[in-house]
Each structure stands twice: as C-alpha cells, then as structure tokens.
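# Topology and contacts: notes
These are the residues of each chain, in order.
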Amino acid sequence: MALLEAQDIHKYFGSGSQKHIVLGGVSLQVEEGQFVSLLGPSGCGKTTLLTIIAGFQKANGGSILLDGHLVTNAGPERGFVFQNYALFPWMNIRDNILYPMKQQKMSSAERERRLSELLELAGLTGKDKLYPHQLSGGMKQRTAVVRALACRPKILLMDEPLGAVDFQMRQRLQEELEDIFMRDRATVLMVTHDVEEAVYMSDRVVVMSALQGKIKADINIHLSRPRDRRSSEYRWQVNRIMDIITGRQESEAEEVSLESSRSGQRMITIAR
Ligand SMILES: Nc1ncnc2c1ncn2[C@@H]1O[C@H](COP(=O)(O)OP(=O)(O)OP(=O)(O)O)[C@@H](O)[C@H]1O
Ligand SMILES: [Mg+2]
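Below, the structure is looked at part by part. (Residues numbered from 1 in each chain as written. Chains lettered and ligands numbered in written order. Predicted model: local features only at pLDDT ≥ 70, side-chain atom pairs only at ≥ 80, totals over all residues.)

## Thoughts on the overall build of the protein chain
Assigned secondary structure in the protein chain consists of 8 helices and 11 strands. Oriented by its inertia axes, the alpha-carbon framework of the protein chain measures out at about 55 × 50 × 35 Å. Counting across all 272 residues of the protein chain, residues that qualify as buried make up 36%. For the protein chain, contacts bridging at least 24 residues in sequence account for 69% of all contacts bridging at least 6. (Helix = DSSP H or I, 4+ residues; strand = E, 2+ residues; numbered from the N terminus. Buried ≥ 20, exposed ≤ 12 C-beta atoms within 10 Å, placed from the backbone. Contact = placed C-beta atoms within 7 Å.)

Here it is as structure tokens:
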C-alpha cells in the first residue's frame with residue numbers, strides 16, 4: 001500500500017455557466033521514502049491538488065488516504081512548504097523552527113534535541129538568533145524546509161519551494177535539499193516548474209496536463225545519486241520530459257516506451 005493515495009480527486013470552482021473544472025478525477029500515489037515531483041503548465045491545478053492533499057481545502061469528490069487512513073483536515077503528519085517560505089517575521093530562526101513542535105506539545109528536552117539536529121541539517125547552527133529579514137533567500141528556504149520537517153511528518157508537501165531563487169542559488173539549494181531529504185529519509189511531493197530540478201531531485205516525475213489536471217505521464221528516474229547534470233542519461237531524461245510537456249512526445253508514446261526499454265531502464269509510461 002502506498003503511503004499517500006489521492007483517489008479520483010475532483011475539484012471545481014464556481015457553478016452553472018461559470019463552473020470551472022480544475023481537477024477532473026486525478027489519482028496519484030506516493031510510496032514511502034519516494035521523492036515525487038509534480039510538473040505541469042501554469043494553472044493546471046498543481047497547487048489545488050497539493051493543498052487538497054494537505055487538507056487546506058476540500059475536494060468536491062474523491063479521497064485522500066495517508067497510510068490507509070482517510071484524511072479530511074490539515075494535520076502534522078503532512079508538512080507543507082509554501083513558495084514564499086511563510087516564516088513568521090517576528091520570530092527568529094529558533095522560534096520559527098520550535099513553533100510547530102510546541103503546537104504538537106513535544107517535551108522541551110525533545111524540542112531542543114530536534115532543534116539542534118535540524119539546525120545542523122540546514123547548515124544554520126549558530127545562526128538561530130537571526131530574524132527572517134536578516135536571512136538570505138537560501139537560508140529562509142532551508143529554515144522553512146526544516147521547520148516543516150520538525151515534527152517528522154510522514155510526507156512533506158512543497159509548492160515550488162525554490163521558485164524565488166536565482167539559477168545558481170537554485171542548483172546549490174537543490175543539492176542541499178537532496179542531502180537534507182536523504183539524511184532525514186523524508187517522503188516528498190514537490191510542485192515545480194523546473195524540469196531540471198524535477199529530474200535532479202526526484203525518484204518519480206508526474207506530469208499534469210492543462211486539461212482538468214489529468215496525469216499525462218508518470219516517469220521513474222532511475223539515475224544514481226548524487227546526479228550528474230552533464231551525463232547523457234540525465235540530459236536524455238530532461239529532454240524527454242520537456243518533449244512530453246510541450247506535447248511533442250504524445251504521438252510518439254510507443255516509441256518512448258520502446259526506446260526506454262531498449263536502454264534497459266523502462267523509465268516512461270504514458271497515460272494516453
Ligand atoms: N479559490 C479559487 N477560486 C476560483 N478559482 C480558483 C481558486 N483557486 C484556484 N483556482 C483556479 O484553479 C486553476 C488552478 O489553479 P492552481 O493554483 O492549482 O494552478 P497551478 O497549477 O498551481 O498554477 P501555477 O503553476 O501558476 O502555480 C486556475 O485556473 C485558478 O484560477
Ligand atoms: Mg501553483
């Protein structure tokens with residue numbers, strides 16, 4: 001059984017002639033320990049799906065199961081990282097990270113232990129007295145991620161966590177985040193616009209289509225970690241996913257399956 005199962009999720013906004021179907025029956029599973037990226041054109045429903053999984057808003061149909069249990073509201077077993085980090089500006093790093101642990105009534109000894117572990121994980125040891133306005137974008141981002149990991153969620157949901165940083169910083173943060181997730185053995189579902197980022201970080205890349213958020217492709221990335229951005233296998237994956245997103249690949253679905261099995265990797269299945 002998958003750790004997370006989104007089953008036949010329907011979501012629409014408005015009614016009558018104004019009814020806008022955003023998700024027309026989307027199903028997605030994430031296995032424990034997997035890092036899954038969700039890619040798709042702007043407005044296709046990625047944030048909507050992620051926030052339904054988080055329990056921040058309700059679907060009009062379908063269900064979300066975590067460890068086989070139906071979830072309907074937000075809960076600490078699903079950590080969330082917002083695109084703009086959403087740190088509390090009036091709290092320093094230390095209090096930002098401690099906040100969810102206090103909410104969960106963790107003992108103070110355990111809180112302190114976890115805090116120093118997380119500061120170390122994020123490379124922020126000794127910086128915990130700084131306030132968000134005194135942090136670089138990368139530091140804010142790392143604080144937001146470890147804060148979301150503080151109560152050891154079963155799954156971490158991230159909505160374009162690196163959307164606001166520049167290209168070079170982004171590559172460095174991808175490497176740092178990968179390290180954090182590998183060491184904390186987190187299960188992650190991340191929305192991103194960046195195909196390179198998805199291939200660099202993920203075990204699986206799920207591509208949504210503009211039409212009712214249907215899942216267009218579900219691709220296993222079998223590259224060993226840390227990934228070599230210049231290797232031909234890596235470039236091949238990035239180009240294939242680009243082609244799927246731009247639609248160039250759809251008519252060649254059979255060919256993709258053939259080619260990937262020929263290379264011994266069986267990497268791509270395309271929902272037609
Ligand atoms: N509360 C709402 N009321 C009405 N329409 C909404 C609401 N929330 C989202 N939508 C619509 O649902 C669609 C999907 O939005 P969503 O934010 O999920 O897209 P997205 O895939 O995350 O896009 P982006 O990549 O630009 O962040 C959009 O057309 C959006 O306008
Ligand atoms: Mg979005």
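## Here's the deal with helix 2 (residues 93–103)
Among all positions in helix 2, only Ile 93, Asn 96, Ile 97, Leu 98 and Met 101 are buried. Positive backbone phi, at 60°, marks Lys 105, one or two positions downstream of helix 2.

## Details of the nonpolar core
Side chains of a nonpolar character, in soluble globular proteins, are inclined to be buried together. Membership of the largest hydrophobic core comes to 66 residues, with the highest contact counts inside it found for Ile 53, Leu 156, Leu 157, Val 188, Leu 189 and Val 205. Contact partners of Ile 53, with chain neighbours within four places excluded, come to Leu 4, Ala 6, Ile 64, Arg 78 and Leu 157. (Core = buried A, V, L, I, M, F, W, Y, C linked by C-beta atoms within 7 Å.)

## Side note on the site of ligand 1
Residues in contact with ligand 1, as listed here, are Phe 13, Val 22, Gly 40, Ser 42, Gly 43, Cys 44, Gly 45, Lys 46, Thr 47 and Thr 48. Of all the elements, helix 1 (residues 46–54) adds the most residues to the shell around ligand 1, at 3 residues. Class assignment for the residues of the shell around ligand 1 results in 3 nonpolar, 6 polar and 1 charged. (Near = placed C-beta within 6 Å. Nonpolar A, V, L, I, M, F, W, Y, C, P; charged D, E, K, R; others polar.)

## Details of the environment of Ile 215
Among the secondary structure elements, Ile 215 is positioned in strand 10 (residues 215–220). On the neighbour-count criterion, Ile 215 (18 C-beta atoms within 10 Å) is partly exposed. Between the C-alpha atom of Ile 215 and that of Ser 27, which follows or precedes it by 188 residues, the distance is 7.9 Å.

## A word on helix 5 (residues 167–184)
Along its 18 residues, helix 5 runs 25 Å from first to last C-alpha, staying within 8% of the 26 Å computed at 1.5 Å per residue. Within the sequence span of helix 5, burial applies to Arg 170, Leu 173, Gln 174, Leu 177, Ile 180 and Phe 181. One side of helix 5 holds all its buried residues, which, seen down the axis, span an arc of 135°. Turned more than 90 degrees from where helix 5 packs its buried face, Gln 168, Arg 172, Met 182 and Arg 183 sit exposed. (Expected span 1.5 Å × (residues − 1). Arc of directions from axis to C-beta.)

## Overview of the packing of helix 2 against helix 4 (residues 137–149)
Interaxial distance between helix 2 and helix 4 falls to 8 Å at its minimum, and their mutual angle equals 25°. Here helix 2 lies roughly parallel to helix 4, going by the angle between them. The two elements helix 2 and helix 4 cross, and the hand of that crossing is right-handed. Each of Ile 93, Asn 96, Ile 97 and Pro 100 in helix 2 lies in contact with helix 4, whose residues at this interface are Thr 143, Val 146 and Arg 147. (Axes fitted to C-alpha atoms, helices over the stretch in contact; angles between N-to-C directions. Parallel < 35°, antiparallel > 145°, perpendicular 65-115°, else oblique. Left-handed = near helix turned anticlockwise from the far one by under 90°.)

## Quick notes on unusual backbone geometry
Each neighbour pair has its own omega, and for Arg 225 with Pro 226 the value is -10°, a cis peptide bond. Looking at the secondary structure, you find Pro 226 in the loop between strand 10 and helix 7 (232–246). Look at Lys 105: it is not a glycine, yet its phi comes out positive at around 60°. Inspection of the secondary structure assignment puts Lys 105 in the loop between helix 2 and helix 3 (108–121). Among the residues examined, Lys 105 registers 7 C-beta atoms within 10 Å and is labelled exposed. A positive phi angle, near 45°, is found at Glu 160, a position not held by glycine. Assignment of secondary structure puts Glu 160 in the loop between strand 7 (155–159) and helix 5. On the neighbour-count criterion, Glu 160 (19 C-beta atoms within 10 Å) is partly exposed.

## Let's talk about the pairing of strand 4 (residues 61–66)
Looking at chain direction, strand 1 (residues 4–13) and strand 4 are connected through 5 bridges and run antiparallel. Counterpart to Gln 7 in the pairing with strand 4 is Ser 63. Summarising the sheet, strand 4 and strand 5 (residues 69–70) pair through 2 bridges and their orientation is antiparallel. In the strand pairing of strand 5, Leu 65 is matched with Leu 70. Connecting strand 4 to the antiparallel partner strand 5 that follows it, the hairpin turn spans 2 residues, and Asp 67 within it adopts a positive phi of roughly 55°. (Pairing = 2+ DSSP bridges.)

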